[in-house]
Amino acid sequence: MSTIAPSKEQLLAEFESKIAAEMKIEPRDWMPDEYRQHLVRQISQHAHSEVIGMQPEGNWITRAPSLRSKKILLAKIQDEGGHGLYLYSAAETLGISREQFIQWLHVGKAKYSSVFNYPALNWADIGAIGWLVDGAAITNQVSLQRTSYGPYSRAMVKICKEESFHQRQGYEIMWKMMEGTKDQQQMAQDALNRWWWPALMMFGPHDNESANTSNAMKWKIKRESNDQLREKFINKTIPQAELIGLKVPDANLQLLDDETYKHGDIDWNEFWEVVKGNGPCNQQRLEHHKRAHDNGAWVRETAYVAGLNQK
Ligand code: 3HC
């Protein structure tokens, strides 16, 4: 006896009931095209961010001030590469190849986090990146562990375990520098001054300016909004700065009656200029990525011939 295929309305109703029941949507489940597209965009851009984020720190491996700090930095950067791989694998479950994601990145059709378009000028920047950039990333990623798409949620659980080490090692670098000479203390404060606002921008535009947040919240892809996560990050990080004698570069920062902080205005012109490709390092980051991808073609080809990889 032939069974009648469920209508699109029935499929949508089943999808929505799973989301409402906090069930994970898996790759073989029916999902609205818009949900799939939203995930393709967000997860692949997340993966691009992890991999391009290796560049500013990679420049400092040979200049790390001690063998211990070099080993820690090497481990962190290696973790980031692995995070990129988990996330590309999660994105590929949506039916698009890694090669396609990379090609979209190279032709400017895909984004990566704007924060990685700033230069790492000295060792204090490596501390600020770990403390602030990974600190912001983990604030976002802990929330994303509850995202509705199964493969993305499981990737986040694994990534968050490593991300907390990244944040702590960065904060340790800043702490040590603040216990150092006056010059080292000035370097740490200068790095905080340069990385504070780009770290706040990592959470994206304000909720009322965010093109994607309403769908993201409706489908439980995001569990907290851009502004909620930014405020969480600020309220966690400012006491850490004050504990080691650093001053957050926000002249309009307010401590509210409920003991939470309200930050000053973010320079959204700077944000959109960097997102559009006009940041200090955009061209350098993309050229480096293209060069590395081209130089690695023989590895992919060998893996393909050996049957370890499909084209
Ligand atoms: N840099 C570049 N583009 C950004 C951005 C940023 N900091 N913030 C927002 N955008 C883009 C969005 O991608 C979107 O453009 P698109 O529609 O072409 O993709 C546009 O600006 C509007 O922003 P929305 O808030 O509407 O977009 P989202 O709902 O996607 O929110 C996001 C942006 C908060 C980054 C969200 O995509 C997200 O949570 N992504 C997952 C986490 C992530 O990607 N983090 C990046 C850093 S990973 C990292 O730091 C690694 C760590 O180990 C160091």
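The structure presented is a predicted model; accordingly, all values stated were derived computationally and were not measured.

1. Quick notes on the layout of surface pockets
Stage number 1. In this model, the largest pocket occupies a volume close to 1000 Å³.
Stage number 2. Contributing to the lining of the largest pocket are 42 residues, with Gln45, Ser113, Met202, Phe203 and Gly204 lying nearest its centre.
Stage number 3. Among the secondary structure elements, those contributing two or more residues to the lining of the largest pocket are helix 2 (33–52), helix 4 (67–92), helix 6 (123–144), helix 7 (150–178), helix 10 (226–243) and helix 11 (268–278).
Stage number 4. Here the element with the most residues in the lining of the largest pocket is helix 6; it accounts for eight residues.

2. Concerning helix 12 (residues 282–295)
Stage number 1. Counted at 1.5 Å a residue, the expected span for helix 12 with its 14 residues is 20 Å, and the 20 Å between its end C-alpha atoms agrees.
Stage number 2. Restricting attention to buried positions, one finds in helix 12 the residues Asn282, Arg285, Leu286, His289 and His293. Along the axis of helix 12, the buried residues cluster in a sector spanning 90 degrees; they form a single face. Residues Gln283, Asp294 and Asn295 are exposed on helix 12 and point more than 90 degrees away from its buried face.

3. Points about the packing of aromatic side chains
Note on aromatic pairs: each is described by the distance of the centres and the angle between the planes.
Stage number 1. Tallying each qualifying case throughout the model produces 11 aromatic pairs.
Stage number 2. Among the aromatic residues, those joined into a cluster by ring pairs are Phe15, Trp30, Tyr35 and Trp219.

4. Examining the site of the ligand
Stage number 1. Residues in close proximity to the ligand total 32 residues, the closest being Glu80, Lys111, Ser114, Ser210 and Lys222.
Stage number 2. About the coverage of the ligand: the protein hides 90% of its 1000 Å² of free accessible area.
Stage number 3. Judged by the proximity of its atoms to the pocket grid, the ligand belongs to the largest pocket.
Stage number 4. The set of elements that each furnish at least two residues to the shell around the ligand consists of helix 2, helix 6, helix 7 and helix 11.
Stage number 5. Ranked by residue count, the leading element in the shell around the ligand is helix 2, at six residues.
Stage number 6. When grouped by side-chain class, the residues that make up the shell around the ligand number 14 nonpolar, 11 polar and seven charged.

Rules of the game
- Within each chain, residue numbers correspond to sequence positions counted from 1 in written order.
- Restriction of local features to residues with pLDDT of at least 70 applies here, the model being predicted, together with a cutoff of 80 or more for giving and counting side-chain atom pairs; totals for whole chains, interfaces and linings are based on all residues.
- In computing side-chain properties, one takes all heavy atoms of the structure into account and sets aside hydrogens as well as water.
- Only protein atoms enter the 1 Å grid used here, on which a cavity is any set of points holding a 1.4 Å probe that cannot leave and a pocket is any open set flanked by protein within 12 Å on both sides along at least five of seven lines; residues with an atom within 4 Å of a point are listed as lining.
- Grid points are joined across faces, edges and corners, and a volume is the space filled by probe spheres set on the points.
- Here a helix means four or more residues in a row that DSSP labels H or I, a strand means two or more in a row labelled E, and each is numbered from the N terminus.
- In a helix, the anticipated span is given by 1.5 Å times the number of residues less one.
- Only protein chains enter the area calculation, which uses a 1.4 Å probe; residues under 20% of their type maximum are buried, those over 50% are exposed, and those in between are partly exposed.
- Working note: the arc is built from the helix axis to C-beta atom directions.
- Stacked, tilted and edge-to-face pairs are distinguished by plane angle, under 30 degrees for stacked and over 60 for edge-to-face with tilted covering the rest, among Phe, Tyr and Trp rings (Trp via its six-membered ring) whose centres lie within 6.5 Å.
- Residues are labelled near a given molecule or strand when at least one of their non-hydrogen atoms is within 4 Å of it.
- Areas reported as accessible are Shrake-Rupley estimates using a 1.4 Å probe. Residue values count occlusion only from the protein chains shown.
- Molecules are considered to sit inside a cavity or pocket once more than half of their atoms lie within 2 Å of its grid points.
- Three classes are used: nonpolar for Ala, Val, Leu, Ile, Met, Phe, Trp, Tyr, Cys and Pro, charged for Asp, Glu, Lys and Arg, and polar for all others, with Gly counted as polar.

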